[in-house]
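Chain residues, written in single-letter form:
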Amino acid sequence: MRAKAIFTVFGRKLPSGKQVYYYQCYDEKGNRQWAKSTGITKKTEAVAYCMKLFRDGLLIPEQKVPTFAEFSAGWWDIETCRYLKWRQLEDPMSPGTIYIHKSNFENHIKDYFAKYHLDEITPDVIKEWRLTMSITDETKKGLKPKSINLVYISLQLMLGEAVRTKILKTNPCREVKKLKAEEIVRDILSVEEARKLFPPDWSSVWDNKVVFKAHRLAACTGLRVGELLGLKGEFIFDDYIYITGQYNRFGYTPHTKTKHNRNIPITTLMRQELDELLQANGDGFVFSENGGETPIPIYRVNRDFERALERIGIDHDERLKRNLSFHAWRHFFNTLLRMSGVADSKVQSVTGHLSKKMTEHYTHFDTRKFTEIRDAQTELLTHKEPEKAKDSA
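Residues numbered from 1 in each chain as written. Predicted model: local features only at pLDDT ≥ 70, side-chain atom pairs only at ≥ 80, totals over all residues. Heavy atoms only, no water.

**With respect to unusual backbone geometry**
Even without glycine at this site, Trp 76 takes up a positive phi of about 65°. Phi at Lys 166 is positive, roughly 65°, even though this residue is not glycine. Within the secondary structure, Lys 166 sits in the loop between helix H6 (145-164) and helix H7 (191-197). Take Lys 166: its relative accessible area is 67%, and that puts it in the exposed class. (Helix = DSSP H or I, 4+ residues; strand = E, 2+ residues; numbered from the N terminus. Buried < 20%, exposed > 50% of the residue type's maximum accessible area, 1.4 Å probe, protein only.)

Here it is, written out as structure tokens:
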């Protein structure tokens, strides 16, 4: 009777067209094990690799590793995903973040890796997968490096959970560097342009007073759009506002993007401008038209901004060229403070770009230590009449 070989090596073509050698062997009971990838493209090297595994006692796996399809069943669904249940206890994800991961999984990850066993997903397999996402053909448009990196993060989290639950010993994503993405060039508004956007007669530039005040506060605080829409009256004080939530299409979340709450000083003038909204909306959402129940829709915040830019001479093409969006206020405010000589540590404190050390340092907020920030806000908010030309001698 012919004796069984210790292992057999054979080639298998991957979805990318690349051939990689796999091996199969038998366990102590004579049961044939499922095929495992060597990750090697040459048969002689694959055989040598298997011999080394045999000598080291690692040829036969300790337990069957599930396929990606088996492992990923129910993922990114809060009702069925055990990873999310664990995260919600330890480090909760916002509904928006979960939505993004789920979209990445459904559109770019699920089908590609379905038939792979988890330990067959090597760094080379991941690199090939990223390449397929970048290719444009008749059926799809390739993704840009930045988008590919975001999808890659979703896979990295999933395989990281496989390591945490001891299905895998290491995460292959750790050996794959992120792609170098093109830096987004964003031109900021000048102080002169900002002044034109906020004239004494707001209706000459803006369609809606609530939206006008929302952008005015954004220019003076650098708030993210979700933070601005999520701002509630209960968190507005005489000389500062407390940022502790955000609002998006999934509703209100009681924490910021970075999960670090922060205080931002405001001038007396800005506080007075908010009084009208506070009287109408109480402790509810400040930028609201229904008594604070819900904030104004984000599409109106963006649409009215585009219209206002048109009215001060920044047309559609220039806006796109300069990449001017609501987020431009964040860059504007950061630059305004630095141009005004505000220390970087204070800039980071009010914009929310904080290290843990800085968060602890500013736990006890004293607006008297931030007078230069209010000075910069006052300079922006105060309307100045243009100087008259001097008569020639």
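**A short note on the sheet that holds strand S2 (residues 19-25)**
Across the sheet, 3 strands lie side by side as S1-S2-S3; this open sheet has antiparallel pairing. Of all strands in the sheet, those bounded by a partner on one side alone are strand S1 (7-13) and strand S3 (36-40). Pairs of neighbouring strands in the sheet enclose a mean axial angle of 35°, with direction left out of account. Here helix H1 (residues 43-55) sits on the sheet and contacts S1, S2 and S3; the angle it forms with S1, its principal contact strand, is near 135°. (Pairing = 2+ DSSP bridges. Axes fitted to C-alpha atoms, helices over the stretch in contact; angles between N-to-C directions. Contact = heavy atoms within 4.5 Å.)

**Details of the confidence of the model for the protein**
The predicted coordinates ought not to be read in detail in places where the model reports low pLDDT. Chain-level pLDDT for the protein is 86 on average; 90% of the residues reach the 70-or-more range. For the protein, the element scoring lowest by mean pLDDT is helix H15 (residues 356-361), at 38; helix H11 (residues 298-311) scores highest, at 97. This stretch, residues 354-365, has a pLDDT under 50; its non-local contacts, to residues over four places away or in other chains, come to 15 contacts. (pLDDT = per-residue confidence, 0-100.)

**Description of the environment of Lys 213**
In this structure, Lys 213 sits in helix H8 (residues 209-221). What makes Lys 213 buried here is its relative accessible area of 8%. Spatially, the C-alpha atom of Lys 213 lies 7.6 Å from that of Glu 273, the residues being 60 residues apart in sequence. Separated by 3.1 Å, the side chains of Lys 213 and Glu 276 make a polar contact. (Polar contact = N/O pair within 3.5 Å; in protein donor to acceptor, adjacent residues only side chain to side chain.)

**Observations concerning the pattern of salt bridges**
If charged atoms from side chains of opposite charge come close, those side chains can pair. Enumeration according to the criterion identifies 18 salt bridges in this entry. A salt bridge links Asp 119 to Lys 36; its shortest N-O distance comes to 3.2 Å. Within this pair, whereas Asp 119 is found in the loop between helix H4 (95-113) and helix H5 (123-134), its partner Lys 36 is found in strand S3, the two being separated by 83 residues in sequence. For Arg 87, the salt bridge identified is with Asp 91, shortest N-O distance 3.3 Å. (Salt bridge = Lys/Arg side-chain N within 4 Å of Asp/Glu carboxyl O.)

**A look at the side chain of Glu 120**
Mapped onto the elements of the fold, Glu 120 is located in the loop between H4 and H5. One buried charge, Glu 120, has no salt-bridge partner; the nearest side chain with opposite charge is Arg 12, at 4.3 Å. Polar side-chain contacts of Glu 120 include one of 2.8 Å to the backbone nitrogen of His 117. Apart from the residues lying within four places of it in its own chain, the contact partners of Glu 120 are Arg 12, Tyr 22, Ala 35, Lys 36, Ser 37, Lys 115 and Val 125. (Lys, Arg positive; Asp, Glu negative; His and termini not counted.)

**Some thoughts on the nonpolar core**
Across soluble globular proteins, nonpolar side chains show a tendency to be buried alongside one another. The biggest cluster of nonpolar side chains holds 51 residues, and the ones touching the most others in it are Leu 189, Leu 197, Trp 206, Phe 287 and Trp 329. Residue contributions to this core peak at 8 residues, all from H8. Discounting residues that sit within four places of it in the chain, Leu 189 has contacts with Leu 197, Phe 305, Leu 309, Ile 314, Arg 322, Leu 324, Trp 329 and Phe 332. Of all hydrophobic cores here, the second largest spans 36 residues; its members include Leu 14, Phe 68, Ile 109 and Leu 168. (Core = buried A, V, L, I, M, F, W, Y, C linked by side-chain atoms within 4.5 Å.)

**Let's talk about the environment of Ile 314**
With respect to the helices and strands, Ile 314 occurs in the loop between H11 and helix H12 (316-322). What makes Ile 314 buried here is its relative accessible area of 4%. Along the primary structure Ile 314 and Glu 193 are separated by 121 residues, whereas in three dimensions their C-alpha atoms are 9.3 Å apart. Residues within four places of Ile 314 in sequence aside, it is in contact with Leu 189, Glu 193, Leu 309, Arg 319, Arg 322 and Leu 324.

**Let's talk about the packing of helix H13 (residues 328-339) against helix H16 (residues 371-381)**
Axis separation between H13 and H16 bottoms out at 10 Å; the angle between their running directions is 115°. Accordingly, the angle class assigned to the pair H13 and H16 is roughly perpendicular. Relative to H16, H13 is oriented so that their crossing is right-handed. Note on element contacts: H16 touches H13 through Ile 373, Ala 376, Gln 377 and Leu 380, opposite Phe 332, Phe 333, Leu 336 and Leu 337. Looking at the contact of H13 with H16 residue by residue, the classes come out as 7 nonpolar, 1 polar and no charged. (Parallel < 35°, antiparallel > 145°, perpendicular 65-115°, else oblique. Left-handed = near helix turned anticlockwise from the far one by under 90°. Nonpolar A, V, L, I, M, F, W, Y, C, P; charged D, E, K, R; others polar.)

**Describing the packing of aromatic side chains**
For the coordinates displayed, the defined rule picks out 24 aromatic pairs. Considering the side-chain rings of Tyr 252 and Phe 285, the 5.7 Å spacing of their centres and the 70° angle between planes classify their relative orientation as edge-to-face. On the criterion of sequence distance, the pair formed by Tyr 252 in strand S6 (residues 251-253) and Phe 285 in the loop between helix H10 (268-281) and H11 is long-range, its members being 33 residues apart. Feature note: the residues Phe 198, Trp 202, Trp 206, Phe 212, Phe 305, Trp 329 and Phe 332 constitute an aromatic cluster, connected by ring pairs. Its end group placed over the ring of Tyr 22, Arg 12 keeps NZ or CZ at 4.4 Å from the ring centre. (Phe/Tyr/Trp six-rings, centres within 6.5 Å; stacked < 30°, edge-to-face > 60°. Lys NZ or Arg CZ within 6 Å of the ring centre and 35° of its normal.)

**What about the pairing of S3?**
Counting buried positions over the 5 residues of S3 gives 4, a clear majority of the element. Looking at chain direction, S2 and S3 are connected through 3 bridges and run antiparallel. Pairing of Tyr 22 across the sheet is with Ser 37, part of S3.

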